[in-house]
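Descriptive structure summary
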Amino acid sequence: MSERLGMVTSGSLEKGIEVRLDGAVSVEDMAVGRYVTIEGNKRRFFGMIRDVSLGVTDPLITASPPDLTDPLMAQVLAGTATFGLLHVAPYLTIGGDAESLLEGPQPVKTVPSHFSLVNLASQEDIELVFGGEDEKRFFIGNPLDMETKICLNLPEFVKRSNGIFGKSGTGKTFLTRILLIGLLQKSAAVNLIFDMHNEYGWSGTSESGRPVKALKQLFPSRVAVFTLDEENSRRRGVNTDFVVKIGYGEIEPEDISLLRQTLNLTEPAVEAVYQLRRRFGKGWLQSAVDLKETEESAELLKEMSIHESTFQNLQRGLATIQRLPFMVSSAPDNAVKRILSYLDQGINVVLEFGRYTDITAYILVANLLSRRIHSQYRERTERSMGENATPPTPLVITIEEAHRFLNPEIASNTIFGTIAREMRKYNVSLLVIDQRPSGIDPEVMSQMGTKITCLLDNERDVDAVLAGASGKSALKAVLARLEAKQQALIFGHALPMPIVVRTREYGSPQSYRDFGDNREERKQQTQQDIEELWD
Amino acid sequence: MIEAGTTGFTAQCYELYALPPLGSLVKTGHIYGIVCLATTSSLEPGRKPIARGKDEASEEDIYRSSPQLSKLLKSEFQSLIVGYREDGRLCHYLPPEPARIHSFVYACPAEEMREFSRSLDFLNLLLNTPVPVPAEELVSACLRRMSRAQEDPDAFLVAAGKELAARLSGEFQLLKSILGRLK
């Protein structure tokens, strides 16, 4: 099954292994990102091709190139005087003895001996490393040029915060949708998705404009769609479960400080917010907006030592918030409570933003809700620790445009920065979707367990994503050569080694069937079988 | 056999001009050689042949009118030792002792040539022993002859070429000229 490629000629653990290709193997058939196995004397190694180059034994040959129209010359030179070289980054090893076979692949700590044979990894090899599809593992895509299923260990995946990156149009949304379905099926976690572009709840559109089903259509009983924009949702024919309204009283000074950049507020204006909150209590926003330019109010501001121009600046910003249609003076129902009650039942919540795709609304709402939910989770987890009770269901919060929340300036203030840093202490983790990973605080990036990245072409973005990954330079070469669509590099906590996958298909009736929750069906089938047995 | 050494031997032909071709495989006793140089000259070193046949119509006529010529001239060839047979096994390296004077030298039949060329290790001796002809000429002549004895001459040439490429890794020009002469 496995195809012999060549043999190891030199290498180091750090710089990778050089493999000289056999004459019969064409360099043109090789591709970066492919897997190879190296048969060492005592153990097998798994590695990934990170570069392919051409070599000659005699530099003169390049100075006076031979006449390759002569078939004999061409055949003789291939693999002898001229040859292909593979640069392989080793990742895993399996020892030859029974014990290590049981242990499975281990991270590589040495290199194979000289002239070890190198084969193209077979389907079995890949399965051995990544494991087949099972209760915990979710089929996410195929490796390049192979039909093997690459599976992610999702319970392991949700133990950390994770990121999906890639420039726009590379299939981030599709990938996220697939991953969310996986989380729905195979992990004990529930999802809260802040769906900025209304793509995950009911239906989304493919790049070609074709509508595709989203979570609620596939798993009607396990997904609830919340909306901020009822009218828009209704127009799109979405069956919503709850309309989210936010009362002025729910806005905290922290929310405003997060919006400093988007609302164009000055530093003192943000400071003033805290003072206003102290002064007016819960109704501070309304009071602040209502404050007219009277002598009385001037007195008041003076008392709080807020400069007039600062206050005007603040008022303008607050007015922007107030204009958001989902803001009401007092909310009829508590959105946080509603979301939590759904999450507690194991129902995933998608919050659609409808027409309010404006970043102010997104940051405000996502932050506001997440903070409250997180504090609830925190309380419950702590209580469960104290009383030895079951902790709350793990929660994965999905946010888009993450660099707006997690940029170095505000990451420390937002709840998302906190969640990303404290990892899963309180059973809450993040799924970050972003196209400008360089805009995300490096500290947050470094805490991400598994990173899934589609094509990125900005040098800084690439560096940001790969920061801290072992074999960074190797991955860089691979990442830069991903195809613009349907291909992603996955590496980190949930996988034993980095891999490039062609993401599984989404959007066809067959794919929906594959994804669909067939547990019910199975149950019915069993019931039927039992009945037939008694007949 | 009129002269024998560790690396080669010289033999004289019974018939004038009955020389084996350059690069052909010959054997004497259990020793194998590759013909690397052939000469035809006067029997006595002091007596040089003179130009004849001014009035003759053809070359044959010269020999017919002067029959003593074939007795006064001799044809000799030098061979490079490329291996020997020991206990039925072919060894592609130098024999422990040289051949003996007056032993007979035979041209090898195609069958034996095929057997001998199953291993290409003899190329090493061919390339590394100083010979009076350019190495590329000798090697290419030898491989050309051997390929003719093979069932698949092209595959043999490619295999031999690869062997050469490995041995001549730093001498691309030499490799190129050998390969150029294999056609």
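Residues numbered from 1 in each chain as written. Chains lettered and ligands numbered in written order. Predicted model: local features only at pLDDT ≥ 70, side-chain atom pairs only at ≥ 80, totals over all residues.

**Points about the overall build of chain A**
The secondary structure content of chain A amounts to 22 helices and 23 strands. Seen along its three principal axes, the alpha-carbon backbone of chain A occupies a region of about 100 × 80 × 50 Å. For chain A, with 535 residues in total, the buried portion stands at 46%. (Helix = DSSP H or I, 4+ residues; strand = E, 2+ residues; numbered from the N terminus. Buried ≥ 20, exposed ≤ 12 C-beta atoms within 10 Å, placed from the backbone.)

**So, the overall build of chain B**
On a plain count of helices and strands, chain B comes out with 7 helices and 7 strands. Tracing chain B from N to C terminus, the helices and strands come up as β-β-β-β-α-α-β-β-β-α-α-α-α-α. When the 183 residues of chain B are sorted by exposure, 29% land in the buried category. Intrachain contacts of chain B at a sequence separation of at least 6 include 72% that bridge at least 24 residues. (Contact = placed C-beta atoms within 7 Å.)

**A few points about the interface of chain A and chain B**
Counting from both sides, the interface comprises 13 residues of chain A and, opposite them, 15 residues of chain B. Element by element, the count of residues in the side of chain A that touches chain B is highest for helix H2 (residues 71-77) of chain A, at 5 residues. Its residues assigned to classes, the side of chain A that touches chain B comprises 8 nonpolar, 4 polar and 1 charged. (Nonpolar A, V, L, I, M, F, W, Y, C, P; charged D, E, K, R; others polar.)

**Observations concerning the nonpolar core**
Val36, Ile339, Val350, Val365, Leu395, Ile399 and Leu489 of chain A are the most contacted members of the largest nonpolar core, which totals 152 residues. The element that contributes the greatest number of residues to this core is helix H16 (residues 359-387) of chain A, accounting for 10 residues. In this view, Ile399 of chain A contacts Phe194, Ala366, Phe405, Phe416, Leu430, Val432 and Ile433 of chain A; residues no more than four positions away in its chain are not counted. Core analysis: the next-biggest nonpolar cluster, separate from the first, contains 42 residues, Val35, Tyr84, Leu168 and Phe172 of chain B among them. (Core = buried A, V, L, I, M, F, W, Y, C linked by C-beta atoms within 7 Å.)

**Thoughts on unusual backbone geometry**
What you tend to see is this: most non-glycine residues have negative phi, and most peptide bonds are trans. All names here are of chain A. If you check the backbone angles, Phe115 has positive phi at about 60° while not being a glycine. With respect to the secondary-structure elements, Phe115 resides in the loop between strand S6 (106-107) and strand S7 (117-120). Of the residues examined, Phe115 has 11 C-beta atoms within 10 Å and is grouped as exposed. Of note, Asn198 is a non-glycine position whose phi angle comes to about 55°, a positive value. Note on placement: Asn198 falls in the loop between strand S11 (190-195) and strand S12 (203-205). What makes Asn198 buried here is the crowd of 25 C-beta atoms within 10 Å.

**Description of helix H6 (residues 153-167) of chain B**
For an α-helix, the turn length of 3.6 residues means that residues three or four places apart are oriented alike. Over its 15 residues, H6 of chain B extends 21 Å from the first C-alpha to the last, a length consistent with the 21 Å expected when each residue adds 1.5 Å. Listed as buried for H6 of chain B are Leu157, Val158, Ala160, Gly161, Leu164 and Ala165 of chain B. Taken together, the buried residues of H6 of chain B touch H2 of chain A together with helix H4 (122-128), helix H5 (135-148) and helix H7 (172-180) of chain B. (Expected span 1.5 Å × (residues − 1).)

**Thoughts on the domain arrangement of chain A**
Often, the extent of an interface is quoted as the loss of accessible area on bringing the components together. Residues and elements named next belong to chain A. Once the domains are mapped, chain A shows domain 1 (3-130), domain 2 (152-245 + 332-520) and domain 3 (249-325). Spacing between the C-alpha centres of domain 2 and domain 3 amounts to 32 Å. Contacts between the two partners involve 11 residues from domain 2 and, on the opposite side, 12 residues from domain 3. Of the residues in the side of domain 2 that touches domain 3, the class split is 7 nonpolar, 4 polar and no charged. (Domains from an automatic or database assignment.)

**Overview of the environment of Leu77 of chain A**
All names here are of chain A. Structurally, Leu77 can be placed in helix H2. Residue Leu77 is classed as buried on the basis of its C-beta count, with 26 C-beta atoms lying within 10 Å. Sequence separation between Leu77 and Val56 is 21 residues; the distance between their C-alpha atoms is 9.5 Å.

**Structural notes on H5 of chain B**
All names here are of chain B. Between its first and last C-alpha, H5 extends 20 Å over 14 residues, near the 20 Å set by a 1.5 Å rise per residue. Within H5, 10 of the 14 residues are buried, leaving the element largely enclosed by the surrounding structure. Within H5 the residues assigned to the buried category are Glu136, Leu138, Val139, Ser140, Ala141, Cys142, Leu143, Arg145, Met146 and Ser147. Against the buried residues of H5 lie strand S4 (31-42), helix H3 (110-116), H4, H6 and H7.

**Let's talk about the pairing of strand S5 (residues 82-95) of chain A**
Residues and elements named next belong to chain A. Within S5, 10 of the 14 residues are buried, which leaves the element mostly enclosed by the surrounding structure. Of the pairings in the sheet, the one linking strand S2 (residues 16-21) to S5 comprises 4 bridges and is antiparallel in character. In the sheet register, Val19 faces S5, and the bridge partner there is Leu86. Both strand S4 (residues 43-56) and S5 contribute to a ladder of 13 bridges, which runs antiparallel. Counted as the bridge partner of Arg44 is Ile94 from S5. Where S5 meets S6, 2 bridges bridge the pair, whose relative direction is antiparallel. Across the sheet, Leu92 pairs through a bridge with Pro107, a residue of S6. (Pairing = 2+ DSSP bridges.)

**As for the packing of helix H15 (residues 335-344) of chain A against H16 of chain A**
All names here are of chain A. At a minimum axis distance of 10 Å, the contact between H15 and H16 shows a crossing angle of 55°. In terms of orientation, H15 lies oblique with respect to H16. Handedness of the H15/H16 crossing: right-handed. In contact with Ala335, Val336, Ile339 and Leu340 of H15, H16 contributes Leu369, Arg372, Ile373 and Gln376. When grouped by side-chain class, the residues that make up the contact of H15 with H16 number 6 nonpolar, 1 polar and 1 charged. (Axes fitted to C-alpha atoms, helices over the stretch in contact; angles between N-to-C directions. Parallel < 35°, antiparallel > 145°, perpendicular 65-115°, else oblique. Left-handed = near helix turned anticlockwise from the far one by under 90°.)

**A few points about the packing of helix H11 (residues 267-280) of chain A against helix H14 (residues 308-323) of chain A**
All names here are of chain A. One can describe the packing of H11 onto H14 by two numbers: an axis separation of 9 Å at closest approach and a directional angle of 75°. Put simply, H11 runs roughly perpendicular to H14. Mapping the contact onto sequence places Pro268, Ala269, Ala272 and Val273 in H11 and Thr310, Phe311, Asn313, Leu314 and Gly317 in H14. Here the residues of the contact of H11 with H14 sort into 6 nonpolar, 3 polar and no charged.

**Looking at the sheet that holds S11 of chain A**
All names here are of chain A. Spatial strand order, S9-S8-S23-S22-S21-S10-S20-S19-S11-S18-S14-S15: 12 strands in an open sheet with mixed pairing. Looking along the sheet, the strands with just one partner apiece sit at the ends: strand S9 (150-153) and strand S15 (242-243). Sheet contacts for helix H20 (residues 472-480): strand S21 (450-453), strand S22 (487-492) and strand S23 (499-503); angle to S22, the most-contacted strand, approximately 160°.

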